[in-house]
Amino acid sequence: MSEPFRTCVVCRAKRPKAELIRVIRSPEGTVCVDTRQKSNGRGAYICRDADCIAQAYKRKALVRHLKTEIPDEIYTALEGYVNEQT
Ligand SMILES: [Zn+2]
């Protein structure tokens, strides 16, 4: 069975889902990093990569994709996942 691929909202690279970090906006409007990739809501995938996260911040890729403001804590949390292996 092949792994599902998802596209990074920043660099448009297609990668196996497990290699990307998922950020979701819940139906209540809360933005969080979905580490278990199981939550409901609108999701955006981003590479586990410091450059992609920095670009997401600068270009507001997540803001545009999720159509909501992204709190700074989310970027901090994403950076925390960069060096972490699953
Ligand atoms: Zn990327």
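Everything here concerns the structure above.
The shown structure was predicted, so the numbers you read here are calculated from the model rather than taken from an experiment.

> Would you mind going over the packing of aromatic side chains in detail, with residue names and values included?
Evaluated as defined, the whole model comprises one aromatic pair. Ring geometry for Y57 against Y75: centres 4.7 Å apart, planes inclined by 85°, an arrangement best described as edge-to-face. Linking Y57 in helix α1 (residues 50-59) with Y75 in helix α3 (residues 72-82), this pair joins segments that are 18 residues apart in sequence. What makes Y57 partly exposed here is its relative accessible area of 45%.

> Quick rundown of the coordination of the zinc ion? Include the residues and the values.
Around the zinc ion, the protein contributes the donor atoms C8 (SG), C11 (SG), C47 (SG) and C52 (SG), which lie 2.2 to 2.3 Å from the metal centre. One can describe the site at the zinc ion as tetrahedral: its four donor atoms subtend angles covering 104 to 118° at the metal. Expressed as a motif, the donor residue spacing for the zinc ion is C-x2-C-x35-C-x4-C. Here C11 is found in the loop between β1 (5-7) and β2 (14-16), whereas its partner C47 is found in strand β5 (residues 42-47), with 36 residues between them in sequence. Of the residues examined, C11 reaches a relative accessible area of 38% and is grouped as partly exposed.

Rules of the game
- Residues numbered from 1 in each chain as written.
- Predicted model: local features only at pLDDT ≥ 70, side-chain atom pairs only at ≥ 80, totals over all residues.
- Heavy atoms only, no water.
- Phe/Tyr/Trp six-rings, centres within 6.5 Å; stacked < 30°, edge-to-face > 60°.
- Helix = DSSP H or I, 4+ residues; strand = E, 2+ residues; numbered from the N terminus.
- Buried < 20%, exposed > 50% of the residue type's maximum accessible area, 1.4 Å probe, protein only.
- Donors = N, O, S within 2.8 Å, 3.2 Å for Na, K, Ca; no water.
- Tetrahedral: all angles 85-135°; square planar, octahedral: opposite > 155°, others 65-115°.

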